[in-house]
Amino acid sequence: MNNEVISDISQITLDWLNSVLIDSKALVNGRVEDFAIAVSNSANARIAKIQLQYSLGTTGTLPTSLFLKMCAGDGSIFGVSEVNYYMRDYIHLRNPPIPTCYHAAYAENPRRYHLLLEDLSATHQLNYQIKPTLPYGCAVAQALARLHAHLWGTEKLKTIGASIPSKTEIERYVNHVQPGLLPMLEEVGTEIDGLWPSALMDVFQYHPAKMIERTKNVSGFTLIHGDVNPGNILFPLNGTGKTYLIDRQPFDWSLTTWLGVSDIAYMMVHWWDSDLRRQWEIPILREYYACLLRNGVSGYDWEQLIEDYKLTAVQSLYVSTEWCVLEEDRRKMKWLWFPQLQKSMAAFFDLKCSELWI
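Basis of the calculations
- Throughout this document, residue positions are counted from 1 along each chain, in the order its sequence is written.
- Restriction of local features to residues with pLDDT of at least 70 applies here, the model being predicted, together with a cutoff of 80 or more for giving and counting side-chain atom pairs; totals for whole chains, interfaces and linings are based on all residues.
- Calculation of side-chain values draws on the structure's entire complement of heavy atoms; hydrogens and water are dropped beforehand.
- Secondary structure elements follow DSSP: runs of H or I no shorter than four residues count as helices, runs of E no shorter than two count as strands, and numbering proceeds from the N terminus.
- Here the globule rule is a power law, 2.2 Å times the number of residues to the power 0.38, and the radius of gyration is based on C-alpha atoms.
- Burial classification: accessible surface area is computed with a 1.4 Å probe over protein chains only, and a residue below 20% of its type maximum counts as buried, one above 50% as exposed, and the rest as partly exposed.
- Throughout, nonpolar core names a set of buried Ala, Val, Leu, Ile, Met, Phe, Trp, Tyr and Cys residues whose side chains join them through atoms within 4.5 Å.
- Residues count as neighbours in contact if any of their non-hydrogen atoms are within 4.5 Å of one another.
- Multiplying 1.5 Å by the residue count of a helix minus one yields the expected span of that helix.
- What qualifies as a polar contact is a pair of N or O atoms within 3.5 Å, subject to a donor-acceptor requirement within protein and to the restriction that residues adjacent in sequence count only when both atoms come from side chains.
- Strand pairing is assigned whenever DSSP identifies at least 2 bridges connecting the two strands.

## Things to note about the overall build of the protein
Helix and strand counts for the protein come out as 13 helices and 12 strands. Over its C-alpha trace the protein gives a radius of gyration of 21 Å, about what one expects of a compact globule, namely 21 Å for 358 residues. Overall, the protein is about 70 × 45 × 40 Å in size when its C-alpha atoms are taken along their principal axes. A total of 358 residues make up the protein; the buried ones form 53% of that total.

## Notes on the nonpolar core
Counting residues in each nonpolar core, the largest one holds 104 residues, and the members touching the most others are Trp 258, Ile 264, Ile 284, Tyr 288, Leu 305, Leu 341 and Phe 348. If you tally residues by element for this core, the top one is helix H3 (residues 134-150), at 10 residues. Those residues in contact with Phe 348, other than ones at most four positions away along the chain, are Ala 199, Val 203, Val 314, Leu 317, Cys 353, Ser 354 and Trp 357. Of all hydrophobic cores here, the second largest spans 18 residues; its members include Ile 6, Ala 26, Ala 48 and Leu 66.

## Describing H3
An ideal rise of 1.5 Å per residue puts 24 Å on 17 residues; H3 measures up with 24 Å between its terminal C-alpha atoms. H3 sits mainly inside the fold: 12 of its 17 residues count as buried. For H3, the full list of buried residues reads Tyr 136, Gly 137, Cys 138, Ala 139, Val 140, Ala 141, Ala 143, Leu 144, Ala 145, Leu 147, His 148 and Ala 149. The opening residue of H3 is Thr 133, an N-cap whose side-chain oxygen sits 3.2 Å from the backbone nitrogen of Tyr 136.

## Describing the pairing of strand S10 (residues 233-236)
A two-sided burial pattern is seen for S10, the buried positions comprising Ile 233 and Phe 235 on one face and Leu 234 and Pro 236 on the other. Sheet analysis places strand S8 (residues 124-125) next to S10, joined by 2 bridges and oriented antiparallel. Across the sheet, residue His 124 finds its bridge partner in S10, namely Pro 236. Sheet topology note: the S10/strand S11 (residues 244-245) ladder contains 2 bridges and is antiparallel. Opposite Ile 233, over in S11, you have Leu 245 as the bridge partner.

Structure representation (structure tokens):
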């Protein structure tokens, strides 16, 4: 029963809850006597919050509320990565910046999985409507550095069966995105600066080769999150305390091992207002670098990190372009990808990224 993927709340019973909490060592003595469920939906999952009531005398590290994430149906586009995120990749990292997962199960054909997580909604918030601050950016940088340092370099990546991406994997990533370029340029037409079309054409002509070339130097590579958007960051409501990173759900064409600093670039370049990014990117990068060093990373110098930041900042242009591969996304999601394109082009020129291939 405990290996069964939960895809509907009718599968949740008192026996199941007691069993998984005992297996996770959260429940030591006593039992769950009753529970209540509230269901909602997110973009790629069905969500259920489970309120728990325990019998008198129950002991353990008892959660009063759980967060059940069920990915099936539309969520089946994602593989096992998120289950591994909670249950494999960081289990030997002390106090990792990810929520406690009490149970998870994954199945293929069709792909589906569930995660039973601690519910942090009473103390933490998603950040879509929150204006970034320097302390916020540094807190996320610290969390990312701890995750990155844990699987930094080829030897540590081997422990989870991962490696630096090959030329084929990078080309697969770019080839998925590139078909959106001309439709994107057609969609924005005269809404963009006249210099942008040629710059974007140059990006897709020259930047992929620079990505491939960068893999010849193995320093800087790790298992990345890949989608550090504001909705995947849980920041404490009172501004102090632990920051959590959630929802690692790469597509089959995504790069899952890459330069660690790419997660910092992803967070800032196309999500933050350009003025805030300009003001805080160097202090946040310095905090990230210092935290890498504190967590045992060596042989990776500051100058290389800055060059890697420029290289990966260009990938924010790929994010906007990917939204334009399908006509429906290009039209319906322009409210999202067009501002991201504008911010990413601002970073492209600010950081003089074209110098990467001149």
